[in-house]
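Topology and contacts: notes
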Amino acid sequence: DVLDPERLIQCPLVKHHRIRARRFPYHLVKCKESNPEIAKKLATCPFNARHLVPSADLSDHIMKCNDKAFMEQDVVSRSCEPPQDQLNNGSTWQAPPCDEDWET
């Protein structure tokens, strides 16, 4: 199951590292620090920071990345919403006065 936090994921830096999904982001940070020469050869996917691929393969990965669809869907849904300044201009709500005195 892709959503299972206990599933094991293979580290893209050191192939014999198998990490639980819930710990994977933390492992990537530590493993990059421990293996800077390997990390230099890898690029981070713009759609999911957990995807580290060889720099030469990044453009191919971007074209095929499953997380790209989520990002595109988010951009489309945001373009359908009214701009934030239009929402704020019509509001007459004001915060009520505060009776608290934090100094006392």
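What counts and how
- Residues numbered from 1 in each chain as written.
- Predicted model: local features only at pLDDT ≥ 70, side-chain atom pairs only at ≥ 80, totals over all residues.
- Heavy atoms only, no water.
- Salt bridge = Lys/Arg side-chain N within 4 Å of Asp/Glu carboxyl O.
- Helix = DSSP H or I, 4+ residues; strand = E, 2+ residues; numbered from the N terminus.
- Buried < 20%, exposed > 50% of the residue type's maximum accessible area, 1.4 Å probe, protein only.

Going by an unreviewed UniProt entry, the protein chain carries the name GTSF1 factor and comes from Chaetorhynchus papuensis.

**Focus on the pattern of salt bridges**
Under the counting rule described, the total for this entry stands at four salt bridges. Residue Arg 22 pairs with Glu 6 through a salt bridge whose shortest N-O separation is 2.7 Å. Within this pair, whereas Arg 22 is found in the loop between strand 2 (18–20) and helix 1 (24–34), its partner Glu 6 is found in the segment before strand 1 (8–10), the two being separated by 16 residues in sequence. Judged by its relative accessible area of 46%, Arg 22 falls in the partly exposed class. Linking Lys 64 and Asp 60 is a salt bridge whose minimum nitrogen-to-oxygen distance equals 3.5 Å. With Lys 64 and Asp 60 both in helix 3 (residues 58–64), this residue pair falls four residues apart, about one helical turn. Classification of Lys 64 as exposed rests on a relative accessible area of 59%. When salt bridges that share partners are traced, they join Glu 6, Arg 20 and Arg 22 into one network.

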